[in-house]
Amino acid sequence: MNKIIKKVQFSENVSKIVIEAPDIAKSRKAGHFVIIRLDKKGERIPLTIAGANKEEGTITLVVQKVGVTSDKLLKLNEGDSILDVVGPLGKATHIEKVGTILAAGGGVGIAPLLPIVEAFKEAGNRVVTVLAARNKDLIILEDEIRKHSDEVIIMTDDGSYGKKGLVTHGLEEVIKNEKVDLSVAIGPAIMMKFSALTTKKYNIPTLASLNTIMVDGTGMCGACRVSVDGKIKFVCVDGPEFDAHKVDFDEMLTRLGAYKKAEIEAYNSYIK
Amino acid sequence: MKNSKEYYKEERNKDWRVKLRKELKTKERTKKQRIKMPEEDPDVRNKNSTEVNKGLAENVAVIEAQRCIDCPDPTCITGCPVGINIPKFIKKIEEKDFLGSAAILKETNTLPAVCGRVCPQEKQCEEKCFYTLKLKKDPVAIGYLERFAADFERESGKMAIPKVEKQNGIKIATIGSGPAGLAFAADMVKFGYDVTVFEALHEIGGVLKYGIPEFRLPNEIVDVEIENLEKMGVKFVKNFIVGKTASFDDLREKGFKAFFVGSGAGLPRFMNIPGENLIGVFSANEYLTRINLMSAAKPDYDTPVLSGKKVAVIGGGNTAMDAVRTAKRLGAESKIIYRRSLVEMPARVEEVHHAQEEGIEFLNLHNPIEYIGDNNGIVKKMILQKMELGEPDSSGRRRPIVIDGSDFEVDVDTVIVSVGVSPNPLIPASLSELKTTKWGTIVVNEDNMQTSIDDIFAGGDIVRGGATVILAMGDGRNAAAGAHKHLTESNN
Ligand SMILES: Cc1cc2nc3c(=O)[nH]c(=O)nc-3n(C[C@H](O)[C@H](O)[C@H](O)COP(=O)(O)OP(=O)(O)OC[C@H]3O[C@@H](n4cnc5c(N)ncnc54)[C@H](O)[C@@H]3O)c2cc1C
Ligand SMILES: Cc1cc2nc3c(=O)[nH]c(=O)nc-3n(C[C@H](O)[C@H](O)[C@H](O)COP(=O)(O)OP(=O)(O)OC[C@H]3O[C@@H](n4cnc5c(N)ncnc54)[C@H](O)[C@@H]3O)c2cc1C
Ligand code: SF4
Ligand code: SF4
Ligand code: FES
């Protein structure tokens, strides 16, 4: 059982949740994620560790409501508990000093981006971050991101905040102005696909953190498999970060829809 | 205690055994037919998850026990990887001392109720029975009798909790709660150690829980054994991945003095053919995990599973049989696609029979070469190739050869790939100095199961690649003996 210590609502559908998980707090690094199961009948879902406090033995998750499980999680309050939390899973981001980092975060992808931005900054890199979302409400963690970035560009689809336009516009603006050594894109699969296409035009090495469907998170089931450079990789153990220019995003997008019908049905019967 | 001929002889010469042998002539014994296991009706059971084999009634078990002629040289024992004193436990059944029989099983086998159900007996103990070897008759039903005695004990409510030595306070970690880890933990706690089992998943039992389905091995049977281990003092920590949640060094710092790695062969293999990443193509592990561990087929559980109507399972092992029979139970038209013939199938013979009775179609000597999807990326067809058998290969089985131009299409909406597993890479990846083979299995000294790192022992599928429950348990026990010796010597 892992107790919820704190909950902060960012927008209608996104909240930050701080939970007790002392062992994970100690061993996690930027790029890691956990798998949680809310209750006995719950499913296992992966969530990135957006931050941790070793002394207090807590980890921070930022959760967006997309279906049944994320909704149930967001309905829990401080003092409630989550039945199972396992991690840290995946490979940690390889952090080193490379020069200038161009980070791109889309929607709830901003949460997993934060610890990576923080770590690259700490390693002595110049960090320029582009935050993108459909509208102002969905831009989360802006203050925290600003704290660890040299420059921040904000893009919204509807122009309700920052500049109007897609994440790729923000990326191109930076790339045209300065030499970028490495790019990191985290967000919905479609956003990562187009970010990768953009950086590829300029031959900028790019990492994407993939959010495939998972079950165990330990390499046992293969539900999370993606094609990278034509080879099967398991996101939970070989990733979640891969060379974005080699990922077959179209296949990944298709596979993400595997349970769409079941999920919609489940959601409809759940809200009844 | 192990395979020593004198011990078996001494036991055989005890009065009670001599008396039983005199009560019924050998000729009377060998005249009897092997009993049949009562089973659920195939047309009923293929729609539910009740256990297929119902177990033997007491009087039937006694009759079968009488068939065993209590051989002076019991060859059956040589076929059992853990060397159970088979005639002794069977004669206890003949004597109607069922609890006594269970106690004998437990001398060497931590989970007899499990092994009696899932061991490939026809390739192990029963293959080496005098009846098979010399009389060319059906062997004594050693597996059924083992299950009978273990079930009797469990159902009697008088399950003996094995005696444990005085606690010595030395902390030992077991990584993985499959049969290898459980067997290791059981022996170490008996020696007096303070044993903690760390398990990555939210359930204890490894493949016994997430892989083997309820209709073959009810979870309750595994749970009772786990409760007994708890009563003996074993601690279980779920949701804890050694090498991730904490490193070996972290655990050493917390005072753990020795480790046993029983992390299994979790990594599913794929065939790398076109279309394998289409929606509806699963590994058997994913399919079985969704249904067994996550209860995906029950409506009140959140995890989804695609319930196809036309399911094809690729492979011929136990995992393939479990997957195809599970799909059948969920209402699908289900078939096995296997590239060799029925006789080469590695699955337990009984499972193949049960699958056939349940209406599973077998496309033997067939192999998929491609999957084709619809516009939404969902698998709708597969292309199969026909095979014929050539000369035997290195495994001694006849090699399947493609028949040119034999390709044809079959409609499917779910494909379950069950072509084997590789060792779970988590532990080797977290310990760079640990010696492994090119297949990713951990290298051990076979005498004591010690790895290239002094305080780490290993066994089960992580050492053998995909093997069996009983071999995993045997490894766990050998490792416990090895670790105990190592710790005793390094303390002096
Ligand atoms: C490594 C990793 C890290 C992640 N980190 C975070 C995080 O920090 N915060 C967060 O909010 N989410 C994160 N996700 C996504 C999160 O796991 C999914 O949102 C969650 O599983 C959805 O569960 P649900 O039952 O609420 O919705 P479902 O009912 O399962 O799905 C509802 C809808 O969401 C879509 N969907 C399903 N799974 C995913 C997925 N994995 N990614 C995107 N869309 C999906 C479906 O197509 C469906 O339309 C991460 C995923 C991965 C693999
Ligand atoms: C579907 C199926 C059917 C089978 N049928 C039969 C049968 O009929 N008869 C038979 O004899 N054999 C059968 N087998 C094979 C048999 O189950 C295995 O050989 C046996 O379970 C291996 O035992 P193990 O203890 O080595 O590993 P496993 O049972 O695989 O257990 C390993 C455990 O370790 C955990 N783990 C892994 N890494 C870590 C870590 N770093 N930290 C913590 N925990 C970790 C895993 O989550 C898992 O629970 C079958 C296998 C399958 C998959
Ligand atoms: S443990 Fe397996 S091999 Fe040994 S006697 Fe029992 S059924 Fe036979
Ligand atoms: S070989 Fe067969 S008949 Fe002989 S002791 Fe073993 S089980 Fe009995
Ligand atoms: S989630 Fe099962 S292998 Fe990655």
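Residues numbered from 1 in each chain as written. Chains lettered and ligands numbered in written order. Predicted model: local features only at pLDDT ≥ 70, side-chain atom pairs only at ≥ 80, totals over all residues. Heavy atoms only, no water.

Chemist: Whenever I open this one, the overall build of chain A confuses me. Can you help?
Modeler: Looking only at helices and strands, chain A has nine helices and 17 strands in total. Against the globule reference of 19 Å for 272 residues, chain A gives a C-alpha radius of gyration of 18 Å, in line with a compact fold. Seen through its principal axes, chain A has C-alpha atoms that stretch 50 × 40 × 35 Å. For chain A, restricting intrachain contacts to residue pairs at least 6 apart in sequence, the fraction spanning at least 24 positions comes to 65%. (Helix = DSSP H or I, 4+ residues; strand = E, 2+ residues; numbered from the N terminus. Rg over C-alpha atoms; globule rule 2.2 N^0.38 Å. Contact = heavy atoms within 4.5 Å.)

Chemist: Sorry, what's going on with a nonpolar patch on the surface here?
Modeler: All names here are of chain A. A cluster of nonpolar side chains, namely I190, F194, L197 and L253, defines an oily patch on the protein surface of about 330 Å² accessible area. With three residues, the top contributor of residues to the nonpolar patch is helix 6 (residues 189-201). Structurally, the position occupied by L253 is in helix 8 (residues 249-256). Given a relative accessible area of 30%, L253 falls into the partly exposed group. (Patch = residues over 30% accessible without salt bridge, like charges linked within 9 Å, V, L, I, M, F, W, Y side chains within 5 Å. Areas by Shrake-Rupley, 256 points an atom, 1.4 Å probe, with all protein chains shown as cover. Salt bridge = Lys/Arg side-chain N within 4 Å of Asp/Glu carboxyl O. Buried < 20%, exposed > 50% of the residue type's maximum accessible area, 1.4 Å probe, protein only.)

Chemist: Would you mind showing me how to read the site of ligand 1 here?
Modeler: All names here are of chain A. Lining the immediate environment of ligand 1, one finds 22 residues, of which E43, P46, V62, Q64 and S70 sit closest. Measuring from a nitrogen atom of ligand 1, one finds a side-chain N or O atom of T48 at 2.9 Å. In the environment of ligand 1, an oxygen atom lies 3.4 Å from a nitrogen or oxygen atom belonging to the backbone of L256. Here ligand 1 loses 85% of its free accessible area of 870 Å² to cover by the protein chains. Those elements giving two or more residues to the shell around ligand 1 turn out to be strand 4 (44-48), strand 6 (58-64), helix 2 (68-75) and helix 9 (260-271). The element that contributes the greatest number of residues to the shell around ligand 1 is strand 4, accounting for four residues. Considering only residue class, the shell around ligand 1 consists of twelve nonpolar, seven polar and three charged. Both domains that furnish three or more residues to the shell around ligand 1 are identified here as domain 1 (2-89) and domain 2 (100-256). (Near = heavy atom within 4 Å. Polar contact = N/O pair within 3.5 Å; in protein donor to acceptor, adjacent residues only side chain to side chain. Nonpolar A, V, L, I, M, F, W, Y, C, P; charged D, E, K, R; others polar. Domains from an automatic or database assignment.)

Chemist: Is there a simple way to explain the domain arrangement of chain A in this structure?
Modeler: For interface size, the figure often reported is the accessible area lost on association. Residues and elements named next belong to chain A. For chain A, the domain assignment lists domain 1 (2-89) and domain 2 (100-256). Its C-alpha centre places domain 1 at a distance of 21 Å from the equivalent point of domain 2. Domain 1 puts 17 residues into the contact, and the matching count from domain 2 is 19 residues. Buried surface at the junction of domain 1 and domain 2, summed over both partners, amounts to about 1,500 Å²; 70% is from carbon and sulfur atoms. Considering only the side of domain 1, the residues that lose the most area to domain 2 are F33, R44 and A50, jointly responsible for 26% of the buried surface there. Across the domain 1-domain 2 interface, the total number found is zero salt bridges. Counting only elements with at least two residues in the side of domain 1 that touches domain 2, the list comes to strand 1 (2-11), strand 3 (33-37), strand 4 and strand 6. When grouped by side-chain class, the residues that make up the side of domain 1 that touches domain 2 number eleven nonpolar, four polar and two charged. (Buried area = accessible area lost by both parts, 1.4 Å probe.)

Chemist: How should the sheet that holds strand 3 (residues 235-237) of chain B be read in this particular structure?
Modeler: Strand pairs in the sheet, formed through backbone hydrogen bonds, run parallel or antiparallel to each other. All names here are of chain B. Reading across the sheet, the five strands line up as 3-2-1-4-16 and stay open at both edges, with parallel pairing between neighbours. Looking at which strands have only one partner, the edges of the open sheet turn out to be strand 3 and strand 16 (456-458). Along the sheet, successive strands turn relative to each other by an average axial angle of 25 degrees, direction set aside. The sheet contact formed by strand 4 (residues 256-261) and strand 16 spans three bridges and is parallel. If you follow F260 over to strand 16, its bridge partner there is F457. Packed on one face of the sheet, helix 20 (residues 469-491) meets strand 1 (171-175), strand 4 and strand 16 and runs near 160 degrees to strand 4. (Pairing = 2+ DSSP bridges. Axes fitted to C-alpha atoms, helices over the stretch in contact; angles between N-to-C directions.)

Chemist: Quick question: what am I supposed to make of the interface of chain B and chain A here?
Modeler: Between chain B and chain A, the contact holds 38 residues from the first and 39 residues from the second. Note on chain B versus chain A: buried area summed over both sides is about 3,300 Å², and carbon and sulfur give 57% of it. Three residues stand out in chain B for area buried against chain A, namely K244, N277 and D302 of chain B, and they jointly supply 21% of the buried area on that side. Summed over the shared surface of chain B and chain A, the number is three salt bridges. Between K254 of chain B and D23 of chain A there is a salt bridge, with the nearest N and O atoms lying 3.6 Å from each other. Our count for the contact surface shared by chain B and chain A stands at 19 residue pairs in polar contact (both at pLDDT 80 or more). Residue contributions to the side of chain B that touches chain A peak at four residues, all from helix 15 (residues 284-293) of chain B. Considering only residue class, the side of chain B that touches chain A consists of 18 nonpolar, 13 polar and seven charged.

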